[in-house]
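# A look at the structure
The residues making up each chain are set out below.
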Amino acid sequence: KLISNWYITNRQLLNYLICEVDNEIIQILNEATFDPTTIAQQIGEAKFLRAFMYLEMAKRYGGVPLELVPKQLDASYDELMTPRSTLQDTYDQIIADCDAAIAALPGEAMVGKATKWAAHALKSRASLYAARIAKYHPQSADGLTSIPASLATGYYTMSHASASAIIDSGKHPL
């Protein structure tokens, strides 16, 4: 029991630490003055990783606090304590980060780097999770663990479109 509690606590901490580093990278690159193509690709990689981390947290905890800008070390308590977002807002942010990554990442990359096809796959998976939650899970009053049922079809459509983009590319046959 002690080890499982340690794992859960530290996994969540690691996810937020990676998101914080991604936010810092995005902020630094937005102010950078070197090759714009390289900047866009690296921001795309950071947004892909941030989307991946938030999806891992959303699967476990529902809506989570969305940290989208770096926190200052001297910030006040209120600035540091971001309120928990609804599950819909969490999935919408994951999908938005995937869309940004799809637009910025190349179709082929070095080993260990994200590609637009990996971002499409992540978007498809996140959209499918959101659609399933919207269609089959009971609605919560605060939206922290549910998505309105009326949005299920839209999420299913997004999932199908991203999966079809991968298949239609011919890069990754099934």
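Residues numbered from 1 in each chain as written. Predicted model: local features only at pLDDT ≥ 70, side-chain atom pairs only at ≥ 80, totals over all residues. Heavy atoms only, no water.

## Side note on the packing of helix α2 (residues 36-61) against helix α4 (residues 87-104)
Viewed as axis vectors pointing N to C, α2 and α4 meet at an angle of 155°, and their least axial separation amounts to 8 Å. With respect to α4, the element α2 is oriented roughly antiparallel. Of the two elements, α2 crosses α4, and the hand of that crossing is left-handed. Across the interface between the two elements, Ala40, Gln41, Gly44, Lys47, Phe48, Arg50, Ala51, Tyr54, Leu55, Ala58 and Lys59 of α2 pack against Leu87, Thr90, Tyr91, Gln93, Ile94, Asp97, Cys98, Ala100, Ala101 and Ala104 of α4. A breakdown of the residues in the contact of α2 with α4 according to their chemical character gives 13 nonpolar, four polar and four charged. (Axes fitted to C-alpha atoms, helices over the stretch in contact; angles between N-to-C directions. Helix = DSSP H or I, 4+ residues; strand = E, 2+ residues; numbered from the N terminus. Parallel < 35°, antiparallel > 145°, perpendicular 65-115°, else oblique. Left-handed = near helix turned anticlockwise from the far one by under 90°. Contact = heavy atoms within 4.5 Å. Nonpolar A, V, L, I, M, F, W, Y, C, P; charged D, E, K, R; others polar.)

## Observations regarding the state of the cysteines
Applying the stated criterion to the full structure yields zero disulfides. The thiol sulfur of Cys98 is not disulfide-bonded, and the nearest other cysteine sulfur, from Cys19, lies at 12 Å. Classification of Cys98 as buried rests on a relative accessible area of 0%. (Disulfide = S-S within 2.5 Å. Buried < 20%, exposed > 50% of the residue type's maximum accessible area, 1.4 Å probe, protein only.)

## Points about the nonpolar core
Core analysis: the largest hydrophobic core is formed by 30 residues, its most contacted members being Phe48, Tyr54, Tyr91, Ile94 and Ile147. Of all the secondary structure elements, the ones that give two or more residues to this core are α1 (2-30), α2, α4, α5 (116-136) and α6 (152-169). Setting aside chain neighbours within four positions, we find Ile147 in contact with Leu87, Gln88, Tyr91, Ala130, Ile133, Ala134, Gln139 and Tyr155. Grouped together as the second largest cluster of nonpolar side chains are five residues, Leu29, Ile39, Ile43 and Ala46 included. (Core = buried A, V, L, I, M, F, W, Y, C linked by side-chain atoms within 4.5 Å.)

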